[in-house]
Amino acid sequence: VSQDGHHPVRRFSAADAIILLFIGAAWCAAAGKATAGRRCVLYDTFRDLAWAENMRAGRIWADPALSGLPWWYAPGGPLIVAGLSRLSGRPVVDVYSSSIFWFNGLLPIALYLLVRSTWDRMTAIVALVAVFVGSYWWTTHALCNIPGIQGAVPLLLGLWSWNRSLPGVADGGRRKPQTAFAVVTGLLLAAATWLHPLCGMMLAAAIFAQVVLLALTAGVAKADQHLHLAAIPVVRLMLLVAVVAGLLTAPLVYHLMFKVKAQHSLMLRFFASELLEPGFYANALAPLAVPAGLLGAWYILRHEPTGLWAVGMWLFALLGQLAGYLGSRAGYYVPYMLPHEFQWHGQLAAGICGAVGAAELSCRIGLRLFCRGCRQNLSGLVAVALAGLAFAPGLRGVKEAGRYFMELDPLVERTSVLRDWICQNTSLEDVFVCPRELGYQVICGLTGRKCVAVSPGHTNPLADLRQRLADLDTMLSTADERLFASLGRKYGARYLLVPYQSEQEAEALARRYRDWRHVRLILAEPQSGVLIFQMVEAG
Amino acid sequence: MTARWLCVMTAVAALLLPHWLDGGGVDPAGFVIGLLGALALLVVRAAFLTRQEGTLPGHAAEADN
């Protein structure tokens, strides 16, 4: 780094290509170890599996779990998986479970590209350790195949593209803003938003905050010949990004905010228990990561205007977390949404700042310890030592990398006959009456069929959740056939699925419904322990 | 001096942090407020120094060291 605060030209070289290959291989090894050859998803993934199953069959713009309702969350992730499933001919389940490798694997690559292009190779390598080892959120979530994590890929690539668009960055000193990169940034901002709106918000906030911080810390009014990041061209670039992204995300934003009114959804006010665990919120496994982040933020604020997005993103993420803590825990009336996701995005930014802090400190220590110019490369060793000190304690959490995984294979094998029967004998629009977990994971998640009610946390905000859950409980427990038939008609139900634990219980259940005119036993499936009844007059 | 003192103070705080956490002495909201406050102070301080110096941040590097 030159003393005027500008890096030399940051051209990529063969060494970077080798490092990227190594990163990819290391990711596959880590993901392979965590999954141990099993097909793994998260509980949330069943929601996305259901939509991908529907999309694969051409049913895109509708709720994948409840009949007659519109779509209600960002379709990007399921759309990608459904497309790849059709192209490759592989089942949706396989494509989703393998996305830990081919999609989440883009996370470290995008992070390396971003930090490498903004700072240097050493900082980029340290950033990988700072984020994926130093942050317990990322140690335990980086492999999660959910949109909130996978959406960080376009978020990071968007920041990389934005950084390339800034005058004086892309080519180490040319003043001309790179409008093509600003357009690409707008496209990536739209992609991030379609994958997960919060990821788009983080990217937009980071860009906006960079412009504001630039005004605060770089004296925009004094845009003289030395100031490459003068305000006017940067604001123009930002507006270009906003126009491109705004046009492309308008249908999504309009639908979610004005049709679904997702901003009022209880789901957005979910307060994860991890937000109260020091390991997550305070980096307790690697506490030095926090001061390293602050040191890096200070260095960026003083000397690196091109990296101000990292500080801005961290600030925005802290505000999002604070709203969550105050609104949920302290009882204040503060609107908030998904504070846990703000926390992991904040730790992503903090990790980048921490890498900058560690790399900068190591350069200064290296210059002090070794003679200037002749042994500067030894500062790399200091960087390794500092990164080890600050972030390596987080290695204690690496064994928890798969802590949120659900193994799919036992569920898929146990329900194979049931799913085959459903796929061969019913249509995607058919509604099933069944216990909500069976419905969420198997009926919706693995076959794409519809249910009366599914997991409350994964239900369309437009649905009357309480009424649906109450009606479902009534339908599964009532001995009143008329009431059952009436509720069945209300939801357009075609099938009743009743699980059983033993043959005696199955016989008892069969006897219970034997005399009902509206239901007819059509299959007793012992592998998954389910009786399937057809509701003959309810539809 | 600012950067040095920041390093010292934050390193001390970080070393004490696990003890506070073990004792349950740090509220999550308090931790986030503290972090947000620290970051906001850095922003304000950087803005103040830049305007005081009347130069570019890069040119002020030596003064900050």
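See above for the structure.
Residues numbered from 1 in each chain as written. Chains lettered and ligands numbered in written order. Predicted model: local features only at pLDDT ≥ 70, side-chain atom pairs only at ≥ 80, totals over all residues. Heavy atoms only, no water.

### Section: the pairing of strand β7 (residues 530-535) of chain A
Residues and elements named next belong to chain A. Buried residues dominate β7, accounting for six of its six residues. Here β7 shows two buried faces, one formed by Val 530, Ile 532 and Gln 534 and the other by Leu 531, Phe 533 and Met 535. Direction of pairing for strand β5 (residues 493-499) relative to β7: antiparallel, over a ladder of five bridges. In the strand pairing of β7, Val 498 is matched with Leu 531. With six bridges joining them, strand β6 (residues 519-525) and β7 adopt antiparallel strand pairing. Residue pairing for β7: Leu 521 is matched across the bridge by Phe 533. In textbook terms, the turn of a hairpin is the stretch between consecutive antiparallel strands, and for β6 and β7 this stretch comprises four residues, one of which, Gly 529, has a positive phi near 65°. (Buried < 20%, exposed > 50% of the residue type's maximum accessible area, 1.4 Å probe, protein only. Helix = DSSP H or I, 4+ residues; strand = E, 2+ residues; numbered from the N terminus. Pairing = 2+ DSSP bridges.)

### Remarks on the state of the cysteines
Residues and elements named next belong to chain A. Per the counting criterion, the structure on display carries zero disulfides over all chains. Unpaired in terms of disulfides, Cys 199 finds its nearest cysteine sulfur in Cys 144, a separation of 13 Å. Just so you know, Cys 451 is unpaired, no disulfide at all, and the nearest cysteine sulfur is the one on Cys 444, 3.6 Å from it. On the basis of relative accessibility, which here comes to 2%, the residue Cys 451 falls in the buried class. (Disulfide = S-S within 2.5 Å.)

### Digging into the sheet that holds strand β3 (residues 431-433) of chain A
Residue and element names in this part refer to chain A. Strand order across the open sheet formed by five strands is β4-β3-β5-β7-β6, with mixed pairing between neighbours. Of all strands in the sheet, those bounded by a partner on one side alone are β4 (450-451) and β6. In terms of strand pairing, β3 meets β4 through two bridges, oriented parallel. Looking at β4, one finds that Phe 432 is bridged to Cys 451. Docked against the sheet, helix α22 (residues 481-491) engages β3, β5, β6 and β7, running at close to 120° with respect to β5. (Contact = heavy atoms within 4.5 Å. Axes fitted to C-alpha atoms, helices over the stretch in contact; angles between N-to-C directions.)

### Here's the deal with a nonpolar patch on the surface
All names here are of chain A. A grouping of Ile 80, Leu 84, Leu 87, Phe 101 and Trp 102 is seen on the molecular surface, where their side chains present a nonpolar patch of about 450 Å² in accessible area. Elements supplying a minimum of two residues to the nonpolar patch: α3 (76-88) and α4 (92-102). Per-element tally for the nonpolar patch: the top contributor is α3, with three residues. When you line up the elements, Trp 102 lands in helix α4. On the basis of relative accessible area, Trp 102 is assigned to the partly exposed category, the value being 32%. (Patch = residues over 30% accessible without salt bridge, like charges linked within 9 Å, V, L, I, M, F, W, Y side chains within 5 Å. Areas by Shrake-Rupley, 256 points an atom, 1.4 Å probe, with all protein chains shown as cover. Salt bridge = Lys/Arg side-chain N within 4 Å of Asp/Glu carboxyl O.)

### Overview of unusual backbone geometry
All names here are of chain A. For Ala 36, which is not glycine, the phi torsion reads 50° and is therefore positive. For Ala 36, the position within the fold is in the loop between α1 (14-35) and β1 (40-41). Taking the relative accessible area as the measure of exposure, Ala 36 reaches 54% and is therefore exposed. A positive phi angle is found at Leu 338, which is not glycine, with a value near 40°. Secondary-structure assignment places Leu 338 in the loop between α15 (308-329) and α16 (339-369).

### Thoughts on the pattern of salt bridges
A side chain with one charge can pair with a side chain of the opposite charge if their charged atoms come near. Residues and elements named next belong to chain A. One pass over the full model with this rule turns up 12 salt bridges over all chains. Here Glu 407 ties to Arg 38 by a salt bridge, and the two come within 3.4 Å at their closest N and O atoms. A residue pair is termed long-range when its members are at least 10 positions apart, and Glu 407 in strand β2 (residues 406-407) and Arg 38 in the loop between α1 and β1 qualify at 369 residues. A relative accessible area of 37% means that Glu 407 is categorised as partly exposed. For the salt bridge of Glu 429 with Arg 59, the shortest nitrogen-to-oxygen distance reads 2.4 Å. Taken together, the residues span a long stretch of sequence, with Glu 429 in the loop between α19 (416-425) and β3 and Arg 59 in the loop between α2 (45-56) and α3 at a distance of 370 residues. According to the relative accessible area criterion, Glu 429 is partly exposed, its value standing at 40%. Judged by its relative accessible area of 14%, Arg 59 is buried. In the salt-bridge network here, residues are joined through shared partners; they are Arg 39, Arg 90, Asp 94 and Asp 409.

### Some thoughts on the packing of aromatic side chains
Residue and element names in this part refer to chain A. Tallied over the entire structure, the rule returns 23 aromatic pairs over all chains. Centroid distance Tyr 43 to Tyr 440: 4.9 Å. Interplanar angle 55°. Geometry classified as tilted. With Tyr 43 in the loop between β1 and α2 and Tyr 440 in helix α20 (residues 436-444), this pair connects stretches of sequence that are 397 residues apart. For Tyr 440, a relative accessible area of 2% puts it in the buried group. Taken together through their ring pairs, the aromatic side chains of Trp 51, Trp 61, Trp 71, Trp 72 and Tyr 73 make up a single cluster. Positioned above the aromatic ring of Phe 12, the side-chain terminus of Arg 116 is 5.2 Å from the ring centre. (Phe/Tyr/Trp six-rings, centres within 6.5 Å; stacked < 30°, edge-to-face > 60°. Lys NZ or Arg CZ within 6 Å of the ring centre and 35° of its normal.)

### Focus: the packing of helix α5 (residues 106-118) of chain A against helix α6 (residues 121-132) of chain A
Residue and element names in this part refer to chain A. Between α5 and α6, whose axes approach to 8 Å, the crossing angle comes to 140°. Relative to α6, α5 is oriented oblique. Here α5 and α6 pass one another in a crossing that is right-handed. Contacts between α5 and α6 involve Leu 107, Pro 108, Leu 111, Tyr 112, Val 115 and Arg 116 on the former and, on the latter, Arg 121, Thr 123, Ala 124, Ile 125, Ala 127, Leu 128, Val 131 and Phe 132. Looking at the contact of α5 with α6 residue by residue, the class counts come to 11 nonpolar, one polar and two charged. (Parallel < 35°, antiparallel > 145°, perpendicular 65-115°, else oblique. Left-handed = near helix turned anticlockwise from the far one by under 90°. Nonpolar A, V, L, I, M, F, W, Y, C, P; charged D, E, K, R; others polar.)

### Some details on α15(A)
Residue and element names in this part refer to chain A. Between its first and last C-alpha, α15 extends 31 Å over 22 residues, near the 32 Å set by a 1.5 Å rise per residue. For α15, a buried count of 17 out of 22 residues is recorded, marking the element as mostly surrounded by other parts of the structure. Count one or two residues on from α15 and you reach Gly 331, which has phi positive near 80°. (Expected span 1.5 Å × (residues − 1).)

### Observations concerning the side chain of A:Ser161
Following the sequence through the fold, A:Ser161 ends up in helix α9 (residues 152-165). Excluding residues that lie within four positions of it along the chain, A:Ser161 makes contacts with A:Phe181, A:Val184, A:Thr185 and A:Leu188.

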